[in-house]
Every structure is written in C-alpha cells, then in structure tokens.
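Listed here are the chains, written in short residue letters.
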Amino acid sequence: MEEMVVELDSGESSGPGSDRQVASAWESVTAALVSPGCSLSERDLSDRLALLRCHGVGRLLGVWLLETLQMRLSSSVVPEFWFRTNSRENELEERDRAIVLLTAFRTLLDRLEPFLSGLEKLGLWQDEGRGGLSGPGPRALRERAFTTIRALLLFSPPAVLQERVLEFYSRTFSVYMNREGGEDGSEAPDGPDGGACPGCGAPSQRCWCQEALEQLQELSLILSRLQLLEWVSSEAVTAILHRLIEQRMEQHCRGEYEQSFLLEFQEWMELVLGWLGKVFASDVPAAPSAPSPPGVRGGQPASSVLKQWRCHMHQFFCRIYVNMRIEELFSIIRDFPESKPAIEDLKFCLERTNQRQQLLTSLKSAFERLLHPGVHTSDILTVYISAIKALRELDPSMVILQVACQPIRKYLRTREDTVRQIVAGLTGDAEACTDLASELSRGDPVTLEMQDSDDEGNDPEDWAPDPTDAVPDKLGSKRRSSDIISLLVSIYGSKDIFIDEYRAVLADRLLHQLNYNTAREIRNVELLKLRFGESHMHYCEVMLKDMADSRRINSHIREEESKLSEEEEQPPLALSAIVLSSEFWPTLKEEKLELPAVVCRAMEAYTRRYEKLKAMRTLSWKPHLGSVTLDLELEDRTLANLSVSPIHAAIILHFQEKSSWSLEELSLKLGAPKELVHRKLALWQQHGVLREEAAGRYSVLETGSSREKVDRGVMLIDSDEERDSNTTTQSEQREEKLQLFWAYIQAMLTNLDSMTLERIHSMLRMFVATGPVVTEMDVNELEAFLQRKVREHQLIFSTGIYRLPKTN
C-alpha cells in the first residue's frame, strides 16, 4: 500500500518538505479509508484532503482505492474463495457442504468489507465537498467496485459453485415447503428414532432444518451486501423451479382431464413465493443502478423482484402445461365433454404462450395417424364430432379446428359410406354417432340457408380479424360456424348430396316397415326441414304421404274384400301393398323374378280393385321387394309365421309342386340368374328345410333334428339381404346419370361433328337435368369420363378435340 502512495505522487511538489507533507497526508487519508481502527479528527481530515487537492492528488483517491481492490481480489481474495469452495475435506455430508459454501462467502465479505466501507466514506466526502474534494460520488464508486468484483469472481466460475448453490437452495426449498406446505413427504415418521427427516433428509435426531433456514437468511444478506444475489442465485433458483413444476405437473396433471389445476397451482405458487421471499430477502438496500441478469433487475424492492419471479413461474407453468396437453390432446378430444376442464385450462395457458403453431402441427399429425383403411368411418366421424365440440371451446375463432381437421375432412370425402354414416347418425340409426341426432333435435337449430348467406346481419363493431394462422379462403363465416351439422355438410360443399342420401335411407326404412308406422320418420323430416329448408325436403314429404295413402288404400280394399259373398271370387291370399309415386322416390333396384301363379292372381285382383278406387291410374309391381309371411308344414314339425323375402317364398312355394328341383329348373322357373337362386337356397338349407343332393338337386327335408327346428314368428334373413339396400347406391346412381350424359354427348357430337372439352361442359350444364335437382359434373370429372370412352374406342380425341368414330 505504501508503494502505491509513491506511485500515485503527482510530482507537483515545490520541495522536499512539501513532498513529505503530501506523502504523510496521503498515508493518513488512505489509512482512514481502509483501516477501521484509524482515527482522524474531522479538522485534520479536512486539512489533509485540502492539501491533497491543492497538489492535484485528491482526484486519485478513488482510482487508487479501486485499483487496490482489484489487486487484492486477483492476488488473494478470489483464489482464497475458490480454494474454500473446492475444499474436499468436508464433502462427505450435505450439511457440511452447506457450511463450506456459507463460510466461503463469509470470508469473501470479510476480505472485501474494508474496501466497500472505504468507498462509501470516499463517496460521502465527495458529496460533502470535504476539503474541497470532488468526484463521482458513492453511487458511481459502488457501481465500479461491484462490477470489478463480479468480473474477477464470476468471469469463469468453476462448475462446483453452481452445484453447491443448487444443492443448497434445493435443500432449503424442501425444508421450507415441508414446514409451510406439508409437501415433499412432510409426514414425520413414528417412533423414538424416527427415520429420515422429510425436510433435510437427515436422521431425525440430527435434523438441521432450522439451521438450514438460518443459513439461507445469512447467505441472502451476504450476497445482497456484495450485489451478487441475483448473479449467484437466479440460475439455481430457475433450475429448481422448472424442475419442480415439471415434476408436479407429471404427478398431478398427467392423464387427468376431469378437473382444473389452475387454482391448485396458484395456491402452490404462493407457497413457493414465500421461499423466494427468503432467498431474495435483504436488509441492505440494493443500488438502483446495479445491473442484473436477464429476467431480474437489481436495485429493485423485494416486492418488485417477487412480482417478476411470479410472472416467470406463471409463464413457465403455462408453457409446460401446454406442452403436456399437446401430447395428450387427441385423448382429451376423444374423452370430451368429460375432459372439458382440461380444455379450459389449456385455453387459459395457450392464450399466454406462443404455442398455437406447435399445437396445430401436433394435432394435425395425430389426426393423420387415425386415417387409414383399418378404422371404421363411424369411428372417424365420432372423433371429428368430438374435435368440433372440444376445439370450439379451445378456440372460438374455429381456426384450430379448420387447420387441424383438414386431413379428416379431406379423407372423409374419399370414403364411399361417409354420407350414409352421417345421415344414419342424424336419424339415430348409428350407435357411434348419437351426438348428431341430439344436435338435430336441438330447440334452436340454425338453418343452412342462414349460414350460407353472405350477409350475416352481425353488428360491425363485433367484427374481429382472423388469427394470423388462419387459412386464407372465402369461407370465413362458415369456418367460424361451430354448428356440427353445418361443418359435416360443408365437407362436400353442397347439401344436395345429403338430401339424396337421406331420401335413399328413408326409402329403405319405409320399404322395410310393413306396418305403415312413420311417426319417427315424420319427426326426422320436420327437423331436417328446419336445417335444410322445406323446398329441399319436399320429395321426402311426398314419400311419407305415400305411406299414409297406402294405409288408407289397403284398408279400403280389405273392407271391400270382406264384403264379398261366397259366390264372388275371393283373392287367393291376403295381399297388402305400398303404392309409391315413382317420380318422387329414389331409383329402386331392378331384379327379374317370376312369382308363382297364385301370387300373380292375388296381385291382379289387387290391381283391379285399385283401378276401381283410383280412376285413370294403375299399378306397376316390384315383385322382388316386400315381405312374405307363411307357415311351413313338414312331416314332424310346423314352422309358423315365418317372414321372408319374395324370392325365398317363391322358391319354397315351388317345392309344393314337387319335392325335388335342380338349380337350372328353379332358375328357369323363377326367371332369375342361377347364381342368385343358389345364394337364396342357402337360407332354407341353413334352417333345415331343404337339403342339397348329388348332381345339384335340392329336396325337402321332411324330418329334422330338434336343434334344426325354428322358433315361431321368426323373420328369416340371409347374409345378402342383411347388407342389401332396396335403393341403388350413390355410385350406381352416378353411373346411370353418366350414361344419360353420354346420350347427350353422342347427340351433340353427331350434330356438331367435333367439340372441345369446355364446349361440351357448358352445353351439358344448360341442357341436362334429371331427378329432383339439377345434376352437375365438373370439368375434371367430365374429362375423366370422356377419356374412359376414348379407351373404350367410343370416342376419338386429337389436339384437344373430341369426335365420334366413323362407322363403316
């Protein structure tokens, strides 16, 4: 220190005596700054400071003090600190390692305290202008001193410091939470010896929980005094909080969707903030200008620091919660509405993090894994409906639903049975899509005409722009619609296809019901009218009216038959009919079938009575449709009230004429293909009525075992009929319409010789109309159809022109 005095002499003295006075004054002033035991009166201090100022040396006091601090740090203080920190003699137990850490910081403060006090004194002298002294003041001096301390102490700290600090804070957290919150295994063991203390982990008789909390308080005061609290503690505290939040999330939230965890976390966070208050507690006010690491600024009141830590914990909780729920989102959607609390928590956290894109990417990938041929269409629809319900809770703008469910909508368009499954769900026939029936029967349905309208009638002030991740298109209003039925209909972009499919489903149901009971169908049609509009459901209303008219016609004809006298011709068998208005019903399947003569006579008698009842109208029978109730009398048993299809009844009636028939004979008699007759014979074989003999002949089995006897009143349905529909499928109807298109195209090419694809398409749109709605075909579909005709050599295509081939 004396050598420094010589080096700092300004050299402005006028003689030896003056030099000695300046040196003496310098020595006295510097001793007063760094030596606590040095006593110098106020007058002498002022005189010496004035002397130093007069010789231009007073301004060097701060420089000297900071350089001396730097030299002392480099030469002894910092090496001593790291030596004590790295000491391995007491590493056997955690308690001793905590003492080593605390002792190292105690020693550091003891070594630096004289310099810190000297800087405070010098700053006060400068503020007071004592002895004419001037300078930056205590604030700037402290800032320079603490910057020097941090630079030399923490420039490249060994990993052992962070390990010791992390271990110490982890233990004090466990102790604090055990005492305040009863967590981390806080139940004390029984017995005199106890066991391990749940707080400090030591045996109960050697518990050092109280000592740990005292050490925490002392360490906080030391680090605050040295302006190292945030620099030393922040990284360790952050790591502890992140680890504990993740652990708590895994233990309490993973796989639990039926309760909210936000309030529970808030209560837990308040306990953690109590521990943070002890970590960052200080009786020494922090310098306002002292810099601090990212996230926590030094020089702030304890309440401000805790507010920042609260925000940090809350943000990290939201981010971790969103990450975990993104992994489980498919299961959450599948379990909705039971999982609604999890959706609400996810919505709260998602609004506070920037993870929408991560959620979209993950959910879209999860949905894509669902889309393969091994999954039934009804299961895919069930997931999609659950996704609509869950995601409209998560994101009212419906953007997440639009983007994430795009693969589902695209895939459903490729499945042939999608429309039928949706319609079955609407009518309550599908067990997997029960939500659709309840959605249809809501008290306040929204009609699709209202949703298709561009003018929604909303208040302009309520308008809000789409989120940035919205898919740009013209369907903003439809996208924002949260109505399940509207979203399902929008898969195809038109409701006409659903109307046509419902007509086919309704036709099947009505043709399979022979009791004319249409109450359920009437209710469904009325509900669908609210959704699709009355004009689109007109054909369905006519179909239901046909059923009511058929009941009245049958009642009238039965009444007439009952009035016939014995001399008049009685019908050979009781016959009931469903009279259809063919223009309003879907296209029915056509099958060739010649019924036995007794049935034909009954049908002719029914037709005559109908013509008498309905003048100028007659009946065209569909002999392959309907149901026959009959009794079979065999040698050892009677099968009564069996309900079978007309072809099955016709087959068994022919065995009344003779007991043995060949397949060829039956086929010729029935006017049906042999393959069809062979399949239908299987039903009677399965129930022990017929048996197949050699050479493809079939005969009646008059006697049979008891296990082959059929119960009374059973409807016999073979495997073919179980999955058959009375109406043609969508693909069959489409093929028929394509053939109609082909007739128009042939006529146009005959008259005009050659035409381009665009010209053919425009003329078809003008002239072709079939069924209840105009049938349209887009350009791509028309091109595929024409190319098929080219491959079949029915068209010639060259340089973009289509023409008919020339005939010889």
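Residues numbered from 1 in each chain as written. Predicted model: local features only at pLDDT ≥ 70, side-chain atom pairs only at ≥ 80, totals over all residues. Heavy atoms only, no water.

Caption draft 1: Examining the overall build of the protein more closely. Each helix and strand counted, the protein has 32 helices and eight strands in total. Within the protein, the proportion of its 808 residues that are buried is 45%. By sequence separation, contacts in the protein at least 24 residues apart represent 72% of the contacts at least 6 residues apart. When the accessible surface of the protein is split by element, carbon and sulfur atoms take 50% of a total near 42100 Å². (Helix = DSSP H or I, 4+ residues; strand = E, 2+ residues; numbered from the N terminus. Buried < 20%, exposed > 50% of the residue type's maximum accessible area, 1.4 Å probe, protein only. Contact = heavy atoms within 4.5 Å. Areas by Shrake-Rupley, 256 points an atom, 1.4 Å probe, with all protein chains shown as cover.)

Caption draft 2: Structural detail: the sheet that holds strand E8 (residues 801-803). Read from one edge of the open sheet, three strands run E6-E8-E7, paired in antiparallel fashion. Single-partner strands in this sheet number two, and they are strand E6 (754-756) and strand E7 (796-798). Going across the sheet, the axis of each strand differs from the next one's by a mean of 30°, ignoring polarity. Relative to E8, E6 runs antiparallel, the two sharing three bridges. Considered in E8, the bridge of Ser754 is made with Arg803. Packing against the sheet, helix H32 (residues 779-791) makes contact with E7 and E8, and its axis sits at approximately 50° to E8. (Pairing = 2+ DSSP bridges. Axes fitted to C-alpha atoms, helices over the stretch in contact; angles between N-to-C directions.)

Caption draft 3: Layout of the sheet that holds strand E3 (residues 660-662). Taken in spatial order, the three strands of this open sheet run E3-E5-E4, and their pairing is antiparallel. Sheet topology places E3 and strand E4 (690-692) at the edges, where each strand pairs with a single neighbour. Across the sheet, the mean angle from the axis of one strand to that of its neighbour is 25°, orientation sign disregarded. When E3 meets strand E5 (residues 697-700), the two strands line up antiparallel, connected through three bridges. For Trp661, the partnering residue across the bridge sits in E5 and is Tyr698. Those strands touched by helix H26 (residues 646-657) are E3, E4 and E5, and its axis lies near 125° from that of E3. Sheet contacts for helix H28 (residues 674-686): E4 and E5; angle to E4, the most-contacted strand, approximately 120°.

Caption draft 4: Summary view of the packing of aromatic side chains. On inspection of all chains with the given rule, the structure shows 12 aromatic pairs. Taken together, the aromatic side chains of Phe168, Tyr169, Phe173 and Trp275 make up a single cluster linked through ring pairs. Against the face of Phe348 rests Arg352, its NZ or CZ located 3.7 Å from the ring centre. We note Lys658 situated over the ring of Trp661; from NZ or CZ to the ring centre the distance is 4.4 Å. (Phe/Tyr/Trp six-rings, centres within 6.5 Å; stacked < 30°, edge-to-face > 60°. Lys NZ or Arg CZ within 6 Å of the ring centre and 35° of its normal.)

Caption draft 5: Expanded view of the pairing of E5. With three bridges joining them, E4 and E5 adopt antiparallel strand pairing. Within the sheet, the bridge partner assigned to Glu692 lies in E5 and is Tyr698. With antiparallel pairing between neighbouring strands as the criterion, E4 and E5 make up a hairpin whose turn holds four residues, including Ala695 at a positive phi of roughly 65°.

Caption draft 6: Inspection of the confidence of the model for the protein at higher detail. When pLDDT is averaged along the protein, the result is 76; 75% of the residues meet or exceed 70. The spread of mean pLDDT over the elements of the protein runs between helix H1 (residues 2-7), the lowest at 40, and helix H12 (residues 340-350), the highest at 90. Segment residues 1-14 is flagged for pLDDT under 50; beyond a separation of four residues in sequence, or across chains, it makes 19 contacts in the model. Counting interchain partners and residues more than four positions distant, the pLDDT-below-50 stretch residues 706-715 has 17 contacts. (pLDDT = per-residue confidence, 0-100.)

Caption draft 7: The environment of Gln794, seen in detail. For Gln794, the position within the fold is in the loop between H32 and E7. On the accessibility criterion, Gln794 (29% relative accessible area) is partly exposed. For the pair Gln794 and Pro805, spaced 11 residues apart in sequence, the C-alpha to C-alpha distance is 6.7 Å. Side chain to side chain, Gln794 and Glu792 meet in a polar contact 3.0 Å long. (Polar contact = N/O pair within 3.5 Å; in protein donor to acceptor, adjacent residues only side chain to side chain.)

Caption draft 8: Geometry of the packing of H26 against helix H27 (residues 663-670). Put simply, H26 and H27 touch, their axes get as near as 11 Å, and they point 110° apart. With respect to H27, the axis of H26 lies roughly perpendicular. The element H26 and its partner H27 pack so that their crossing is right-handed. Every residue of H27 that contacts H26 at Ala650, Ile651, His654, Phe655 and Glu657 is listed here: Leu666, Lys669 and Leu670. (Parallel < 35°, antiparallel > 145°, perpendicular 65-115°, else oblique. Left-handed = near helix turned anticlockwise from the far one by under 90°.)

Caption draft 9: Looking closely at unusual backbone geometry. With an omega of 10°, the peptide bond between Phe336 and Pro337 qualifies as cis. Here Pro337 shows up in the loop between helix H11 (302-334) and H12. Unusually for a residue other than glycine, Asp753 sits at a positive phi of about 75°. Its place among the elements puts Asp753 in the loop between helix H30 (730-752) and E6. Residue His793 is not a glycine yet carries a positive backbone phi of 65°. Structurally, His793 can be placed in the loop between H32 and E7.

Caption draft 10: Region of the structure containing the nonpolar core. Among the nonpolar cores identified, the biggest contains 153 residues, and Phe105, Tyr169, Trp275, Leu276 and Tyr384 are the most heavily contacted of them. The dominant element in this core, judged by the number of residues it contributes, is H11, at 14 residues. Apart from the residues lying within four places of it in its own chain, the contact partners of Phe105 are Phe81, Leu161, Leu219, Ile222, Leu223 and Val232. Counting 38 residues, the second-largest nonpolar core is a separate cluster that includes Leu630, Leu634, Trp661 and Leu670. (Core = buried A, V, L, I, M, F, W, Y, C linked by side-chain atoms within 4.5 Å.)

Caption draft 11: Highlighting the state of the cysteines. For the coordinates displayed, the defined rule picks out zero disulfides. Cysteine Cys318 remains unbridged, with the sulfur of Cys349 as its closest cysteine sulfur at 3.9 Å. (Disulfide = S-S within 2.5 Å.)

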